[in-house]
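# Descriptive structure summary
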Amino acid sequence: MNAGTLAEALDRAALDGRPLAGGASGLTDTAGAYEVQSALVARRLARGERLTGFKLGFTSQAKMRQMGVADLIHGRLTDRMEVPDGGRLDVSGLIHPRVEPEVAFLLGDTLLPGGDPMAAVSAVAPALEVIDSRYDGFRFSLPEVIADNTSAAHYAVGAWWTTRDLGGLGVLLELDGRTVETGSTAAILGHPLRALAAAARLGGPLEPGTVILAGAATAAVPLPPGTHVRATVAGLGTVALTTEAVGTADVAREDA
Ligand code: 0L1
Ligand code: MG
């Protein structure tokens with residue numbers, strides 16, 4: 001499959017909420033996979049979406065173990081993926097969403113490869129990432145998940161803080177008030193600043209205003225409709241969203 005064809009198939013899978021079979025793409029190298037990712041993101045931009053951020057994946061042992069891989073990967077975020085803190089997210093069009101707690105950096109200046117990456121950061125915040133692999137059962141090869149824009153689906157960011165101290169902060173993920181995962185920002189490459197440096201190296205230059213998701217502090221958990229999800233990062237506060245299934249309700253009404 002060439003880059004354009006696989007990008008189209010992944011895009012269609014996301015739009016239709018119907019997964020592809022993993023392992024069938026023939027993709028074997030990461031350079032080719034990032035070409036597919038660029039073509040996939042370009043399709044979103046052609047539909048009027050705007051780039052808002054950069055994300056890192058597989059930055060924690062928990063995620064690497066969960067998905068059976070051992071390499072840092074990166075993807076792109078757009079305005080269509082953004083959910084306001086405390087907002088509602090219709091998950092009826094998603095395939096099998098999962099959620100993970102993260103920390104986010106906001107760039108006040110251009111982030112360039114080399115130099116002090118923190119100098120480009122204006123604020124940090126707790127964040128939630130909703131991932132949704134376009135491959136059946138979240139089963140894919142490393143090049144395939146890169147091609148799939150690292151399973152990016154949605155994200156929410158809490159209040160921004162100008163603090164710079166992100167090391168070793170406790171992280172809590174709750175679904176409907178029940179703690180489902182606990183971790184520490186130390187799980188993110190040992191310190192989220194390492195993720196920022198990786199973003200500079202792998203994605204730079206990144207423009208002021210860009211949001212960078214540093215990667216998950218815990219494993220990701222399934223996110224059904226009708227769920228209130230909240231992440232707390234000690235010292236940074238909380239970020240939350242509630243899922244709903246508006247699309248499904250509409251279909252049910254049409255079928256009735
Ligand atoms: O955000 C991430 O950690 C990358 C997720 C890609 C793999 C997955 O679907 O879990
Ligand atoms: Mg993530």
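Structure shown above.
Attention here is on the structure that accompanies the text.

Each helix and strand counted, the protein chain has 6 helices and 12 strands in total. For 256 residues, the compact-globule formula gives about 18 Å, and the C-alpha radius of gyration of the protein chain, at 17 Å, lands near that figure. In terms of overall dimensions, the protein chain has a C-alpha envelope of 50 × 40 × 35 Å along the principal axes. Across the 256 residues of the protein chain, 49% fall into the buried class. When contacts within the protein chain are restricted to residue pairs at least 6 apart in sequence, those whose partners lie at least 24 apart make up 75%.

In this structure, Thr-227 sits in the loop between β10 (221-222) and β11 (228-233). In terms of polar contacts, Thr-227 uses its side chain to reach the backbone carbonyl oxygen of Pro-224, at 2.8 Å.

Helix length check: helix α2 (residues 30-46) (17 residues) gives 24 Å between terminal C-alpha atoms against 24 Å at 1.5 Å per residue, within 8%. Among the residues making up α2, those that are buried are Gly-32, Ala-33, Val-36, Gln-37, Leu-40, Val-41 and Arg-44. Turning to α2, the residues buried within the fold contact α1 (3-16), β1 (51-57), β2 (73-78) and α4 (142-147).

On to the nonpolar core. Ranked by internal contacts, the top residues of the largest apolar core, which has 25 residues, are Phe-105, Leu-111 and Ile-212. Secondary structure elements with two or more residues in this core: β1, β4 (98-107), β5 (121-131), α5 (192-203) and β9 (211-216). Ranked by the residues each element gives to this core, the list is headed by α5, at 5 residues. Sequence-distant contacts of Leu-111, that is, excluding residues within four places in its chain, are made with Pro-117, Ala-120, Leu-196, Ala-199, Ala-200, Gly-204, Pro-205, Leu-206 and Ile-212. Grouped together as the second largest cluster of nonpolar side chains are 21 residues, Ala-33, Phe-58, Ile-73 and Val-145 included.

The next thing to look at is the coordination of the magnesium ion (ligand 2). Distances from the magnesium ion (ligand 2) to its protein donors, Glu-100 (OE), Glu-102 (OE) and Glu-129 (OE), fall within 1.9 to 2.0 Å. Motif for the magnesium ion (ligand 2), donor spacing along one chain: E-x1-E-x26-E. In this pair, Glu-100 is assigned in strand β4 and Glu-129 in strand β5, connecting sequence segments 29 residues apart. For Glu-100, a relative accessible area of 3% translates into the label buried.

Here α1 spans 20 Å end to end across 14 residues, near enough to the 20 Å set by a 1.5 Å rise per residue. Among the residues of α1, those classed as buried are Leu-6, Ala-7, Leu-10, Asp-11 and Ala-13. Angularly, the buried residues of α1 cover 155° about the axis, an arc narrow enough to put them on a single face. Buried residues in α1 make contact with α2 and α4. Taking the backbone nitrogen of Gly-4 as reference, a side-chain oxygen 3.1 Å away marks Asn-2 as the first, capping residue of α1.

The next point concerns the pairing of strand β12 (residues 237-244). Where strand β3 (residues 87-90) and β12 come together, 4 bridges link them in parallel fashion. Residue pairing for β12: Asp-90 is matched across the bridge by Glu-244. Across 6 bridges, the pairing between β11 and β12 is antiparallel. Considered in β12, the bridge of Ala-231 is made with Val-239. Here β11 folds back onto β12, and the loop between the two strands holds 3 residues, one of which, Gly-235, carries a positive phi near 90°.

Once that is clear, we can look at the packing of aromatic side chains. A full pass over the atoms with the stated rule returns 1 aromatic pair. Across from the ring centre of Phe-138, 3.8 Å away, lies the NZ or CZ of Arg-98, which sits over that ring.

A few words now on the site of ligand 1. In the region of ligand 1, 13 residues are neighbours, and Lys-55, Lys-63, Glu-100, Glu-129 and Ser-151 sit closest. Here an oxygen atom of ligand 1 and a backbone polar atom of Phe-58 are 3.4 Å apart. Note that an oxygen atom of ligand 1 is positioned 2.6 Å from one of the side-chain N or O atoms of Ser-151. For ligand 1, the protein covers 100% of the area, taking 300 Å² as the surface of the free molecule. Listing elements by their share of the shell around ligand 1, those giving two or more residues are β1, α3 (61-67) and β5. In terms of residue class, the shell around ligand 1 is built from 6 nonpolar, 3 polar and 4 charged.

What counts and what doesn't
- Residues numbered from 1 in each chain as written.
- Chains lettered and ligands numbered in written order.
- Predicted model: local features only at pLDDT ≥ 70, side-chain atom pairs only at ≥ 80, totals over all residues.
- Heavy atoms only, no water.
- Helix = DSSP H or I, 4+ residues; strand = E, 2+ residues; numbered from the N terminus.
- Rg over C-alpha atoms; globule rule 2.2 N^0.38 Å.
- Buried < 20%, exposed > 50% of the residue type's maximum accessible area, 1.4 Å probe, protein only.
- Contact = heavy atoms within 4.5 Å.
- Polar contact = N/O pair within 3.5 Å; in protein donor to acceptor, adjacent residues only side chain to side chain.
- Expected span 1.5 Å × (residues − 1).
- Core = buried A, V, L, I, M, F, W, Y, C linked by side-chain atoms within 4.5 Å.
- Donors = N, O, S within 2.8 Å, 3.2 Å for Na, K, Ca; no water.
- Arc of directions from axis to C-beta.
- Pairing = 2+ DSSP bridges.
- Phe/Tyr/Trp six-rings, centres within 6.5 Å; stacked < 30°, edge-to-face > 60°.
- Lys NZ or Arg CZ within 6 Å of the ring centre and 35° of its normal.
- Near = heavy atom within 4 Å.
- Areas by Shrake-Rupley, 256 points an atom, 1.4 Å probe, with all protein chains shown as cover.
- Nonpolar A, V, L, I, M, F, W, Y, C, P; charged D, E, K, R; others polar.

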